[in-house]
Structure formats: structure tokens, C-alpha cells
Amino acid sequence: MFTGSKANGNPAAVVILDIWLPVETLQQLSKELGEPVTSFIVKVNQGYEIRWFADEVEINLCGHGSLAAAATIFEMMSDHVPDITLVSKHGTVTVTKSSDAFTMTMPSWKALHDPELSKYGDLLGVQPIDVFSTRDLVIVLENKEQVRQFEPNFDKISTVKDFHAIIVTAQNGDNGYVLRYFAPSIGINEDIATGSAQCSLVPYWSARLSPRVLEVTQLSLQGGYFQVKQASVDSIELTANVRLQETVKFIKKDGK
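Description of the overall build of the protein chain
A tally of helices and strands in the protein chain yields 6 helices and 15 strands. Here the protein chain has a C-alpha radius of gyration of 18 Å; the compact-globule value for 256 residues is 18 Å, and the two agree. Within the protein chain, the proportion of its 256 residues that are buried is 51%. Put simply, 62% of the contacts in the protein chain that link residues at least 6 apart link residues at least 24 apart. Per element, the accessible surface of the protein chain, about 12,100 Å² overall, is 47% carbon and sulfur.

The structure is reproduced here in C-alpha cells:
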């Protein structure tokens, strides 16, 4: 997911269920499939319920797992539908398809600026120009090269227990930003391409940069690329490309 000429993207597995299986079973299936994230979906009246599992734990809102699930559903459907609705206890994601591109509507998270958060710059060995929190802890650096050259100390990052993950970001020119995303608490030291991170970053950077549509690059080894915009006070839109492979597993009601 989040592939293209500028990035190789982030893989995900998709498992379509008739009914929800026990958490232990879902976790074991995720481990067996061996992707950074496995998306499990069940058809319901309002669309599809979705849950996401990393190798070690169930996680909350996952952008690239949502995109993988929606792309798979679009591929399976014989009739054209305008969008796919994915419902979870952590928020609703709507995905539309246009040619080869997919656009996700996701929640917009408000930043909390607390002077106490400045201590995390010292912990991580950086001098941020801003620090704020949402679900994640966001460290804003002076420039793109500082983000690229940041050397994570995962022993120290793992001591940060109050946040889902740590995002390091910086402005990239007049119309975009870069990021890296670290989540050892869910078994992902550095994520390849993270859609849910944009729920924190789009509101922040949209308020500081003039273009309506922002260009975003995730500076992981494989790379991730997005186009994003602030769609409303409560939502963002993220547009990206997808490459589908045979990563779908069907499970009957008896769990076999």
C-alpha cells in the first residue's frame, strides 16, 4: 500500500471472515501470515467491520491495512460501488476508487501542546522545534535531513508508554512534509508507510502550509508516498496507489 514511482509501499494481508473469531485466533493468523499488519473484515449492514493486528497485538486505526482491505473488496465485487465503508471502534474509514488511485477519508486528530512533552526531545537526543501529542507523540524537527538521519534508540523509545507510537516529522519544501514512524510497542520498530500517522500530521501541517493538497513522503527504507488534504474540521483525505497480490485468506464459519 502507498506505492508508486516514489515508494515501494507497505504490505498488508487481508482475511475475510463470515463471523468474528476469538482474539487469540486472529492474533495467531496474523502471526502466521507474517505481514506488518493483517486486516480482518466481516460484512455488516453498514459496510464492513474491520480489525487490525500487528505481529504481537491488536492495534487501533490503521491506514494501510484499511486501504488493503478496501482494495480487496473492490477487486472482488462484480458491481461497481462508489465507496467502501470500514467501521471500527476506533473510527470509520471510507475509501473511494478512481482509476488506479484510492482515496481514504479518515479522522482528523487535534494536537495537544503540553510543555511537559519537551522532555522527549532530550530522551530521543534531538532538538525539536515543536512537540505535540494525539494518539501518538509527534516530534517536529528543523528539516528533512534531520528526519532522514535520525537514529532511533529503540530501548529508549520503548520506555515511552503513554503513546501508541512516535512520529518524527519536518517540512519538505512549500507543499509537503516528511515523516518516520516508530511503534515498538506493537512489534513494529519502524513502519514502512503509515496512513494513520496522517490523522495527526495533516491538521498540523495544513495549518502551516498554504497548498490545499500536500505531498508526503515517509522516509523508511522502502518508502511511502501520499497526497493528503484537510477535508473538514473532523476529517482528512489521503490518496495513494495500491498493488494487489494474492494475500487474501477466506475462513468459513467453523473457523477452518
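Back to the text.
What to know about the pattern of salt bridges
This structure, assessed with the given rule, holds 7 salt bridges. Arginine 148 serves as the salt-bridge partner of glutamate 145, at 3.4 Å between the closest nitrogen and oxygen. A residue pair is termed a helical-turn pair when its members lie 3 or 4 positions apart in one helix, as glutamate 145 and arginine 148 do in helix H4 (residues 144-149) at 3 residues. Look at glutamate 145 and you get partly exposed, because its relative accessible area is 36%. A salt bridge links glutamate 237 to lysine 229, with the nearest nitrogen and oxygen atoms 3.7 Å apart.

Regarding the nonpolar core
Ile41, Leu86, Val95, Tyr177, Leu179, Trp205 and Val228 are the most contacted members of the largest nonpolar core, which totals 55 residues. A per-element tally of this core places helix H2 (residues 63-76) first, with 7 residues. Of all hydrophobic cores here, the second largest spans 19 residues; its members include Val131, Phe150, Ala170 and Phe182.

Definitions and cut-offs
- Residues numbered from 1 in each chain as written.
- Predicted model: local features only at pLDDT ≥ 70, side-chain atom pairs only at ≥ 80, totals over all residues.
- Heavy atoms only, no water.
- Helix = DSSP H or I, 4+ residues; strand = E, 2+ residues; numbered from the N terminus.
- Rg over C-alpha atoms; globule rule 2.2 N^0.38 Å.
- Buried < 20%, exposed > 50% of the residue type's maximum accessible area, 1.4 Å probe, protein only.
- Contact = heavy atoms within 4.5 Å.
- Areas by Shrake-Rupley, 256 points an atom, 1.4 Å probe, with all protein chains shown as cover.
- Salt bridge = Lys/Arg side-chain N within 4 Å of Asp/Glu carboxyl O.
- Core = buried A, V, L, I, M, F, W, Y, C linked by side-chain atoms within 4.5 Å.

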